[in-house]
Amino acid sequence: MTRLITIEDFTDVYVKLRQRGARFLLSKLSLSRKQRSVSAFDASLGNTSNWWEIPLVKERWNQMITGDAHMTFEEHTINQYLSQMAAPLRMLSPGAGYCQHELAMATNPLFGEIVCLDINQGNLDDAAARARERGLRNLTFHCGDIEHFDFAHERFDLVMFNNSLHHFRNVRTLLGRLIPQCIGPAGLLLIYEYVGPTRFQLPAEQLRAINEAIRLVDKPLRRRYRTSIYKTHYHGSGLLRMVMADPSEAVDSASILPALHAFYDILEERPFGGNILPYVLKDLAFHFIRPDERATETLHRLFRFEDEYIRTHPSDYVFGLYRPRGR
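Since this is a predicted model, take the numbers as computed values, not measurements.

Draft legend 1. Broad picture of the overall build of the protein chain. Counting its secondary structure elements, the protein chain contains twelve helices and seven strands. For a compact globule of 327 residues, the expected C-alpha radius of gyration is about 20 Å, and the protein chain comes in at 20 Å, within 12% of that figure. With the C-alpha coordinates of the protein chain rotated into their principal frame, the extents come out at 55 × 45 × 40 Å. Counting across all 327 residues of the protein chain, residues that qualify as buried make up 52%. Contacts in the protein chain between residues at least 24 apart in sequence constitute 80% of all its contacts with a sequence separation of at least 6. When the accessible surface of the protein chain is summed, it comes to about 15000 Å², and 54% of that surface belongs to carbon and sulfur atoms. The averaged location of the 38 negative side-chain charges in the protein chain is 5 Å from the averaged location of its 40 positive side-chain charges.

Below, the structure written as structure tokens:
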């Protein structure tokens, strides 16, 4: 069900004004789609305690993906798959953003080169500075659109999309034609991704479940970050605001899993939820970064609720490792 404008859109504009200021909102008036997308990932505009930064949420994902709350998907991939390959390895990370995952992986001697590709030069410059501070010499940074990347003349042992694939258009062409060109004979594709409804146009049943979950949160924990207003209902995102805020956001996300299953063999594919938590915890995450007993119990209550939901519904987030079909 497509929603052009919702009450949520007006609430979000007000909340973003309080959290990130007029400068951030004015950046959304640019006529350039690229500039609006870049502004969505500008770390200099402030941190609003995003839901994915909650430590217990991270541990939940680790447990669901690797079976160990303290083992990340990167460590799992290196231990179970990459350690069997001949070093030095080359890795490509399209849409690398702040490159925090790439910087962590670069400390492993398996990697001879990690190529970070992104459209935000400022974030790449910050990442390059952090690499120099840490003495890491196996990272390279390229600012540009993926459409201009020379896939045909590059070879990588691993291509990683870490919450970036859902920002690319024409997913079927990207995954079916372009990415296989640059994956080496024994190379792998890794995704750690939102694969749910395009433009977050959630079905009515999911919206009902999200609002049921909101009612599981005590009122003091429902106060939105840097505001005096409380979350009482989630109406879903309107399409017009989605396009204005970030034209690349979930632009073709519903095509991701069908394209992967059409062109790749699955080595491992693990759902890790995300159908309920993002919408309940948006703007509330600061309550749970260092949770007290009540906040901890609330999180576990929400985890159980989402687990029950995804028992009968496809997960909106998936970790997967794949090999191009026929290799």
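Draft legend 2. Just the pairing of strand S5 (residues 183–194), in detail. For S5, the buried fraction is high: ten of the twelve residues fall into the buried class. In this structure, strand S4 (residues 156–162) lies alongside S5, joined through six bridges in parallel fashion. Residue pairing for S5: Leu158 is matched across the bridge by Leu188. Each parallel crossover has a hand, and the one from S4 via helix H7 (residues 171–182) to S5 is right-handed.

Draft legend 3. Structural view of the pattern of salt bridges. Scanning all chains against the criterion turns up ten salt bridges. The salt bridge partner of Asp283 is Arg224, with a shortest N-O separation of 3.0 Å. Residue Asp283 is located in the loop between helix H11 (277–281) and helix H12 (293–310), and its partner Arg224 is located in the loop between helix H8 (204–214) and helix H9 (239–245); the two are separated by 59 residues in the primary sequence. Accessibility classification places Asp283 together with Arg224 in one group, the buried group. Among the ionic pairs, Glu308 bridges to Arg311, the shortest N-O distance being 2.8 Å. Overall, Glu308 belongs to the partly exposed group, its relative accessible area being 46%. Exposure remark for Arg311: the relative accessible area of 61% places this residue in the exposed category.

Draft legend 4. The packing of aromatic side chains, seen in detail. Throughout the structure, instances matching the rule amount to 18 aromatic pairs. Ring geometry for Phe73 against Phe319: centres 5.9 Å apart, planes inclined by 50°, an arrangement best described as tilted. In this pair, Phe73 is assigned in helix H4 (residues 73–80) and Phe319 in strand S7 (residues 317–324), connecting sequence segments 246 residues apart. Of the two residues, Phe73 and Phe319, both sit in the buried class. Where Phe149 meets Phe156, the ring centres are 6.4 Å apart and the plane angle is 35°; that geometry is what we call tilted. Across the pair, Phe156 and Phe149 agree in class, each one buried. Members of the aromatic cluster, each reached through a chain of ring pairs, are Trp51, Trp52, Trp61, Phe73, Tyr192, Tyr194, Phe200, Tyr234, Phe272, Tyr279, Tyr317 and Phe319. A cation over a ring is seen here: Lys219 above Tyr230, with NZ or CZ 5.0 Å from the ring centre.

Draft legend 5. The arrangement of the packing of H8 against H12 in detail. Two elements in contact, H8 and H12, have axes whose closest approach is 11 Å; the angle formed by their N-to-C orientations is 160°. It follows that H8 is roughly antiparallel to H12 by the angle criterion. Remark: the crossing between H8 and H12 carries right-handed chirality. Facing Glu205, Gln206, Ala209, Glu212 and Ala213 of H8, the residues of H12 in contact are Leu302, Phe305 and Tyr309. Among the residues forming the contact of H8 with H12, the class breakdown is five nonpolar, one polar and two charged.

Rules used throughout
Residues numbered from 1 in each chain as written. Predicted model: local features only at pLDDT ≥ 70, side-chain atom pairs only at ≥ 80, totals over all residues. Heavy atoms only, no water. Helix = DSSP H or I, 4+ residues; strand = E, 2+ residues; numbered from the N terminus. Rg over C-alpha atoms; globule rule 2.2 N^0.38 Å. Buried < 20%, exposed > 50% of the residue type's maximum accessible area, 1.4 Å probe, protein only. Contact = heavy atoms within 4.5 Å. Areas by Shrake-Rupley, 256 points an atom, 1.4 Å probe, with all protein chains shown as cover. Lys, Arg positive; Asp, Glu negative; His and termini not counted. Charge placed at Lys NZ, Arg CZ, Asp CG, Glu CD. Pairing = 2+ DSSP bridges. Right-handed = clockwise from strand over helix to strand, strands pointing away. Salt bridge = Lys/Arg side-chain N within 4 Å of Asp/Glu carboxyl O. Phe/Tyr/Trp six-rings, centres within 6.5 Å; stacked < 30°, edge-to-face > 60°. Lys NZ or Arg CZ within 6 Å of the ring centre and 35° of its normal. Axes fitted to C-alpha atoms, helices over the stretch in contact; angles between N-to-C directions. Parallel < 35°, antiparallel > 145°, perpendicular 65-115°, else oblique. Left-handed = near helix turned anticlockwise from the far one by under 90°. Nonpolar A, V, L, I, M, F, W, Y, C, P; charged D, E, K, R; others polar.

Distances and angles like these do not, on their own, reveal function.
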